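Understanding the architecture of this molecule
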Amino acid sequence: MRPLKIVVLAKQVPDTRHVGPDAMKPDGTVNRGKLSTVFNPDDLHALELALNIKDRIPGTQVTILTMGPPKAADIIREGYYRGVDNGVMISDRRFGGADTLATSYTLVQGIKKLAPYDLIVGGRQAIDGDTAQVGPQCADKLQIPQVTYVEEILEIKEDEIIARRRLETGVETVSAPYPVLMTVHGSSPDCRSRKAKKVMQYKYARTKTEMRKGDPVLEALHIKRPHLVIPEWSVEDINADVTKIGLAGSPTKVKSVSSIVLTATESKVLTDSDSDIEGMIKELIKHHTIG
Amino acid sequence: MKSVFVYCEVENQKVAEISQELLSAGKRLAEKLGAPLEAMINGKDLKGIESQIAPYGIDKLFVGDDSRLEPYRTLPHAALVAKVLKQEDPQIVLFGATSVGRDLAPRIASQLNCGLTADTTILDIGDHFVKKEKVEYKDLLYAIRPAFGGSIMANIINWDMHPQMATVREGVMKKEIFDADYKTEVIPVNVNEIVSDTDFVVKIIERHIEESDVNLKDAPIIVAGGYGVGSKENFDLLKNLANILGGEVGGSRAAVDAGFIDHNRQIGQTGTTVRPKLYIAAGISGAIQHTAGMQEASMIISINNDPEAPINALADYVITGDLGVVIPKMIKYYKENAK
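Residues numbered from 1 in each chain as written. Chains lettered and ligands numbered in written order. Predicted model: local features only at pLDDT ≥ 70, side-chain atom pairs only at ≥ 80, totals over all residues.

**Some points on the overall build of chain A**
When its secondary structure is counted, chain A shows 7 helices and 15 strands. On the principal axes, the C-alpha backbone points of chain A span a range of 80 × 50 × 40 Å. Across the 291 residues of chain A, 46% fall into the buried class. Residue pairs at least 24 apart in sequence account for 69% of intrachain contacts in chain A once pairs closer than 6 positions are excluded. (Helix = DSSP H or I, 4+ residues; strand = E, 2+ residues; numbered from the N terminus. Buried ≥ 20, exposed ≤ 12 C-beta atoms within 10 Å, placed from the backbone. Contact = placed C-beta atoms within 7 Å.)

Shown next as C-alpha cells:
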C-alpha cells in the first residue's frame, strides 16, 4: 500500500466541560478569561486515527492544521509531541468571529494549499459549540465525499478506505474513494500520549507571532533548526476573500444570550424519616401522580 | 409568500419521530408567518407515505422515491434537497439534530452559502434591528439553543443570507396534528435527473441498527440516578422503584460516564429530553446539562445527601438523606398505600 497524505483539522477550545460558577459574569455573559483552553477532545481522536494510519503505512505524512489566535499554536506543538510530520497555523485577526460557514471556507483555503491529500480528518464536533458542521462544510467546499462519526478504520486499500461509523442507534461500515473527509467520533480510541523524545525535539517550536517580542536564544535555534518555525498563514497567504471570512463571512449572529436560571419551585423539604416519606407517598397517590 | 421547509427522515416506510416533531414545529412557525409548510422525504417504496404526515399540515410534499436512497447516504440526499431548496427558495429550513440531519444540513448550508444553527431547542419568529444598516428585519427565525456546555441559552439569527436553517434536538418539539384531513399536494421528484453516479461513491457494506427498547420520552414516571448513586448495584434500587411505580430508569451523563447505566438511558442535553408526570432524581446534583432535559417534568422529587444540591431548586419535594434509606421506604409505603 502506498503511503497516504493526511491533513488533521484541530481546534483549541475553551474547556466547557469544566464550567465553574465564576465562568459566567453577573450579566450572564461568558467570562472567557476564566475558562482554560484545551485541545478539542474529538480532534484528539482524529489525530490518533491519523497517527494510527501512519503506524500501519510507513511513509504516511500527517499534517495538522488549525485556525485560531496566536495561542492556538499549542495545538501544533501538541501534534508534534504525538508524532505529526508538519503543522500549519491559520492565524490573522481578520479571521476572528467566524461561524462554521466562514471557518470552513478559511480552512478549505488552507487545505487547498496543502494539496494533494488523500484523507482529511477532524473531530466530529468541538465542545465550544457542538455544531458538528465544519467537517461536512469543508467536504462540500472541496467537493469530496464525507464519512461522519468514524469509529475505526477497518481497511486501507489502494483506491478506497473502509471505516466503521457510530450512529445513534447502531453502526455502519462504509467504503469511500480518496480523497475523502472523515469526522471522528469520541468512541474511537483515545489519542496516544506525548512522546518524551518528541517533546524535547519540538518544545521550542514557535510561530513568528509568538516570537514577536524577541528571544535571541530561540531565534538562534530557529536559524539552526528551521523546522521549529511553525508556518503561520494570513488572509493573503491563503488567498482568502475577505467577504467570506470572519464576522463578515458569518451569516449566523448571536442576537442575545441569557444565562439559564433554575426557576425556583417552592419545595417541601423532607427528611428520610418514615413519617415524612409516608406522608409524601400518600400525597402523590391522592393527587394521582402515582398509583 | 416564503415557506417553511422541513427535511423528513424515513426508514422502512416509517417516518421518523423527529420529523413529525419538526413538521409540527414548522407548521407553528408557518402559521405565525402566514406561510405554507413544505417538506421533502427521500427513501424507497414511499407510495402513500403522505398519509403518515399530511395531518401535520404540509402544503407541498416533495418525494424522492428510489431504492438507492435508503439507507441514507450524504451525497444523493444532499443533491436532492439542495435542488428542491434552490427551486422553492424557502425562508426557513429545519432538519433533525440526528445522525442524518447533522450529517446533511451542514453540507447543504455550505452549498447554499447560508447560516445554520445547530441543536436548537426553541424556535420562534421575531424582528431584529441592525444598527449598522438602520434596518429593521421582520419575521426572522429565532433559533435558540443551549451554548457553552449548557450554561447559557443563545438566540441565533441570520438576516442577510437566506434561507435560515436550523437543526432541532429530538424530543423537544411537541407533536401536534394540525388537521387530520389536511390536503397535501404530493410532488414526485425525478431522482435520476438530479443525482448522478458519482453521488453513490460511498458504499454501505454493512449496517447494524438496534431497535431501542428504551422509551424514556413517553414514560409517565422516571426514576433517574446520578453519580451520587455510587454504583451499578445501587442502581438496582432505582430500577425496583421504577418497576413498582410503572416507570423507567434514567441517568445523568455522569452516571452514564461512570458506567452505572446504559448510554441510551441518558437524560439531559446530550441525551433524551423528557417531560414525565413524575421525575425522581436520586443522587443527581443538577448540572444544567441534566436539568435542561428534565425541568419540564410536572413534579420533581430530589433525593440527595446534599441539602444545597442545585437540583433542589427545581424540586417539589426535597428529601435530604441517603437514597439507600429513602428508596426502600418509598417502595414500602407505596405498597402499603396504593390500592
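**Re the overall build of chain B**
For chain B, the helix and strand inventory stands at 9 helices and 18 strands. Rg of the C-alpha trace for chain B: 22 Å, near the compact-globule value of 20 Å for 339 residues, within the 12% margin. Based on the C-alpha atoms only, the size of chain B along its principal axes is roughly 65 × 55 × 40 Å. For chain B, the proportion of its 339 residues judged to be buried stands at 56%. A fraction of 66% describes how many contacts in chain B between residues 6 or more apart in sequence connect residues 24 or more apart. (Rg over C-alpha atoms; globule rule 2.2 N^0.38 Å.)

**Overview of the packing of helix α3 (residues 74-88) of chain B against helix α4 (residues 99-112) of chain B**
The description of two packed helices rests on the angle between their axes and on the distance between the axes. Residue and element names in this part refer to chain B. The geometry of α3 relative to α4 is characterised by a closest axis approach of 10 Å and an angle of 50° between their N-to-C directions. The orientation of α3 with respect to α4, classified from their angle, is oblique. Here the hand of the crossing between α3 and α4 comes out right-handed. Contacts from Thr 74, His 77, Ala 78, Val 81, Ala 82 and Leu 85 of α3 reach α4 at Asp 103, Leu 104, Arg 107, Ile 108, Gln 111 and Leu 112. (Axes fitted to C-alpha atoms, helices over the stretch in contact; angles between N-to-C directions. Parallel < 35°, antiparallel > 145°, perpendicular 65-115°, else oblique. Left-handed = near helix turned anticlockwise from the far one by under 90°.)

**Let's talk about the confidence of the model for chain B**
Confidence in the prediction of chain B, expressed as mean pLDDT, is 93, and 98% of residues score 70 or more. If you check the scores for this complex, the pTM reads 0.84 and the ipTM reads 0.88. (pLDDT = per-residue confidence, 0-100.)

**Here we look at the nonpolar core**
Note on soluble globular proteins: their nonpolar side chains tend to be buried together. By size, the foremost hydrophobic cluster in this structure holds 137 residues, and its most contacted members are A:Ile6, A:Val8, A:Ala50, A:Val121 and B:Ala39. What A:Val121 contacts, discounting residues up to four positions off in sequence, is A:Ile6, A:Val8, A:Ala46, A:Leu49, A:Ala50, A:Met182 and A:Val184. Core analysis: the next-biggest nonpolar cluster, separate from the first, contains 49 residues, B:Phe260, B:Leu278, B:Ile327 and B:Met330 among them. (Core = buried A, V, L, I, M, F, W, Y, C linked by C-beta atoms within 7 Å.)

**Some thoughts on the interface of chain B and chain A**
Facing the 69 residues of chain B at the interface are 67 residues of chain A. Among the secondary structure elements, those contributing two or more residues to the side of chain B that touches chain A are α3, α4, β7 (116-120), β10 (152-157), β13 (203-209), α8 (288-291), β18 (317-320) and α9 (323-337) of chain B. Element by element, the count of residues in the side of chain B that touches chain A is highest for α4(B), at 8 residues. Residues belonging to the side of chain B that touches chain A are distributed by class as follows: 36 nonpolar, 19 polar and 14 charged. Across 6 bridges, the pairing between strand β9 (residues 170-177) of chain A and β13(B) is antiparallel. From the neighbouring strand, A:Glu172 faces β13(B), where its bridge partner is B:Arg207. (Nonpolar A, V, L, I, M, F, W, Y, C, P; charged D, E, K, R; others polar. Pairing = 2+ DSSP bridges.)

**Notes on helix α2 (residues 73-82) of chain A**
All names here are of chain A. Counting buried residues along α2, 9 of its 10 residues qualify, which places the element largely inside the surrounding structure. Of the positions making up α2, those classed as buried are Ala 73, Ile 75, Ile 76, Arg 77, Glu 78, Gly 79, Tyr 80, Tyr 81 and Arg 82. Just downstream of α2 lies Gly 83, where phi reads positive at about 125°.

**Some points on the domain arrangement of chain B**
Segmentation of chain B into domains returns domain 1 (4-200) and domain 2 (221-337). Averaged C-alpha coordinates put domain 1 of chain B and domain 2 of chain B at centres separated by 34 Å. (Domains from an automatic or database assignment.)

**A look at the sheet that holds strand β17 (residues 299-304) of chain B**
Read across the sheet, 6 strands follow the order β15(A)-β18(B)-β17(B)-β16(B)-β14(B)-β15(B) without closing on themselves; strand pairing throughout is parallel. In this open sheet, the two edge strands, each paired with only one partner strand, are β15 (268-270) of chain A together with β15 (248-251) of chain B. Going from strand to strand, the sheet's axes swing by 20° on average, the running direction of each strand aside. Alignment of β17(B) against β18(B), held across 4 bridges, turns out to be parallel. Bridge pairing in β18(B) links B:Asn304 to B:Thr320. Relative to the sheet, helix α6 (residues 232-245) of chain B contacts β14 (221-225), β15 and β16 (278-282) of chain B, its axis offset from that of β14(B) by approximately 175°.

**Here's the deal with the environment of B:Leu314**
Residues and elements named next belong to chain B. On the secondary structure map, Leu 314 appears in the loop between β17 and β18. A count of 21 C-beta atoms within 10 Å places Leu 314 in the buried class. Counting along the chain gives 12 residues from Leu 314 to Ser 302, while the straight-line C-alpha distance between them is 8.6 Å.

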